[in-house]
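Read off the chains here:
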Amino acid sequence: MTRLQHQLNQYQLTVAGENALMLYFDQRIDPVISALVQQACTLIRAELAEDIIDLLPSYASVLILFNPLSTDHYRVQAQLQHCLAHLQNSNQHSGKLVELPVYYSTESGPDLALIASTKNISVAEVIQRHQAVSYRVYAIGFAPGFAYLGEVDPLLQMPRLATPRAKVPRGAVAIADRQTAVYPAASPGGWNLIGLCPTRMFNPAAEHAMPVAVGDEVRFVAIDKAEFLRLGGELPELELPKLECSGTKP
Amino acid sequence: MSGFTIIAPGVLSLIQDSGRFGQGALGLTNGGPMDAPSAAWANRLLGNHSNATLIECSVGGLQLRADTHSYIAVTGATLPLTINGKAAEQWTAHKVQPDDLIELGMVTKGLRAYIAVAGGFTITPQFGSSATVLREAIGGLNGNKLRAGDKLSANSIDKLQRQRLPARYRPQFNQVLTLRLIEGYQAQSFTATERQRLYLNSYKVTPQADRMGYKLSGSAISCQQTQLLSEGICYGSVQIPPDGQPIVLLNDRQTLGGYPKIGSVLSLDCALLAQAGAGTTVYFTPISPEQAHNALCLAKVRTAAISSQLVSL
């Protein structure tokens, strides 16, 4: 049996609440499992459309929420087993490829230098390695539009900050462990900041509120400051070291 | 368009409909009234659609002025309600006309009151709902809580059969609650002893209780599983963080989370918990998914039966 076939037969259904079932695949961050999660969502939407209130896909699981006054756990479970029998071996990315521009610099990414010195590589190499791989959108949550992307080059793996920042600006490109993300809005945050992305990750006014969905592939592409500003990026006010300017102070 | 003007917003007043559903893939939570059954009664007393937009006023203090002919009903937490200074009964539809001042005092029992108007407030929905979620800055008026001077549109309605919910059918907000828990999620990662610990001990509502979740304090529950990939969180999930103190996750909960969960509280009981202030004593009791299903279906039948016994005024 191949590893993938093994997983196909190894999903698990667990009660989560009065109108909720959890579908679990293996408890691992793995593109093959993520592809199964995505496929399962498509199959479940088709099979259970009328009774489904929402689906919450994540790394290796899907939370299925149904209307408890129109169906019940038994019926939903039977329908899930029926439709999940159609899960297929697939290593294909069925999502789209999205390129996100990033202005990497010590000005826009205050933790770049820290990562470089911790890993004993140059800032340029941190930037190069972050762009070198394509990332999968494993989950969206925490805040509207916050996409968990993986996996980051092991050399760039960084723990979360011991003390989270009170304010991370909108568009901040960040690393935590082997995950990377773009902050969709200004918020507190404990990830390591390496640049700024001018693309709005969550725009409630737009027809498509988010440029990415779970299962998509993301590539980061370096841009310079002028391009960043041209694309609508805004440099947040940074706390700069206080300089004594001759002429303005005694 | 005329409607109502907020004179004073009180402690926390939010525009809500029944909630935002089907947007979990964007990371958007549900929102909606914390005590959904009480909110539904406010709409039902006025003959509104069950998803009509109303105001959730937490702790009290809301004052609004009618700028049009309409009807109002205030349900949920008990508080002094006056119209132009004259006492008015809760759980009852009242006629209002332009320049009438509607005042909600501070709650005396329960925590959240609901004020509905005939036809509902006219609020442009965002992602299919008018529900305000402050953390997401979504819904309501530009994602904000209500502020003095806010204008809320509503249709002018000057003919409606007034109705009242008989007192015996109104919810009691007790100082001791028993929350029915459907075991699930990582329940098997808690030993039988730990689960019994949850059911045999009482817990207290702490001041860390808001629209996102209610943190309880009491005998700490330990979980054998500590590593968990982030996964979807349903309404009422009981999360056990490393300190062992349960958190019941409610309307504005995060969509994904990585702490172990022992199961989920029945929605009917979550609504009562949402009316409980700090210090309220809480017990958990396990029920099966079948018992939960029965309870929900019975509640629906009961509501329909009571709806046919409303007192016409």
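Because the structure is a prediction, the values reported are computed rather than measured.

Criteria and cut-off values
- Residues numbered from 1 in each chain as written.
- Chains lettered and ligands numbered in written order.
- Predicted model: local features only at pLDDT ≥ 70, side-chain atom pairs only at ≥ 80, totals over all residues.
- Heavy atoms only, no water.
- UniProt positions renumbered as here; feature names shortened; annotations may be inferred.
- Helix = DSSP H or I, 4+ residues; strand = E, 2+ residues; numbered from the N terminus.
- Expected span 1.5 Å × (residues − 1).
- Buried < 20%, exposed > 50% of the residue type's maximum accessible area, 1.4 Å probe, protein only.
- Arc of directions from axis to C-beta.
- Contact = heavy atoms within 4.5 Å.
- Core = buried A, V, L, I, M, F, W, Y, C linked by side-chain atoms within 4.5 Å.
- Domains from an automatic or database assignment.
- Pairing = 2+ DSSP bridges.

Chemist: Report on the UniProt feature "domain: Carboxyltransferase" (unreviewed entry) in chain B, specifying residues and quantitative values.
Modeler: Here the UniProt-annotated "domain: Carboxyltransferase" (unreviewed entry) positions come out as residues 25-303 of chain B. Between the first and last C-alpha atoms of residues 25-303 of chain B the distance is 32 Å; the span itself is 15% helix and 32% strand.

Chemist: Could you give an account of helix H4 (residues 289-307) of chain B, with specific residues and numbers?
Modeler: Residue and element names in this part refer to chain B. The terminal C-alpha atoms of H4, which comprises 19 residues, lie 27 Å apart, in line with the 27 Å expected from a rise of 1.5 Å per residue. Where H4 is concerned, the buried positions are Ala292, His293, Ala295, Leu296, Ala299 and Ile306. One face of H4 carries all of its buried residues, which in axial projection span an arc of 165°. Looking at H4, the residues exposed on the side facing more than 90 degrees away from the buried face are Leu298, Val301 and Ala304. If you follow the buried residues of H4, they end up packed against helix H1 (36-45), strand E14 (176-183), helix H3 (267-273) and strand E22 (281-287).

Chemist: Could you give me a rundown of the nonpolar core, with the residues and numbers involved?
Modeler: One recurring pattern in soluble globular proteins: nonpolar side chains tend to sit buried together. Residue and element names in this part refer to chain A. Counting 48 residues, the largest nonpolar core has Leu23, Phe25, Ile44, Ile64, Leu80, Tyr183 and Trp191 as its most contacted members. For this core, the element with the highest residue contribution is helix H2 (residues 31-48), accounting for seven residues. When residues of this core are sorted by domain, at least three fall in each of domain 1 (5-84) and domain 2 (97-230). In this view, isoleucine 64 contacts Asn19, Ala20, Leu21, Leu23, Ile44, Ile52, Asp54, Leu55 and Leu80; residues no more than four positions away in its chain are not counted.

Chemist: How would you explain the sheet that holds strand E7 (residues 86-87) of chain B if you had to name every residue and give the values?
Modeler: Residues and elements named next belong to chain B. Taken in spatial order, the seven strands make up an open sheet running E7-E6-E9-E4-E1-E12-E11, and their pairing is antiparallel. The open sheet terminates on both sides in strands that have one partner only, identified here as E7 and strand E11 (121-122). Across five bridges, the pairing between strand E1 (residues 3-9) and strand E4 (residues 62-66) is antiparallel. Bridge pairing links proline 9 to leucine 62 in E4.

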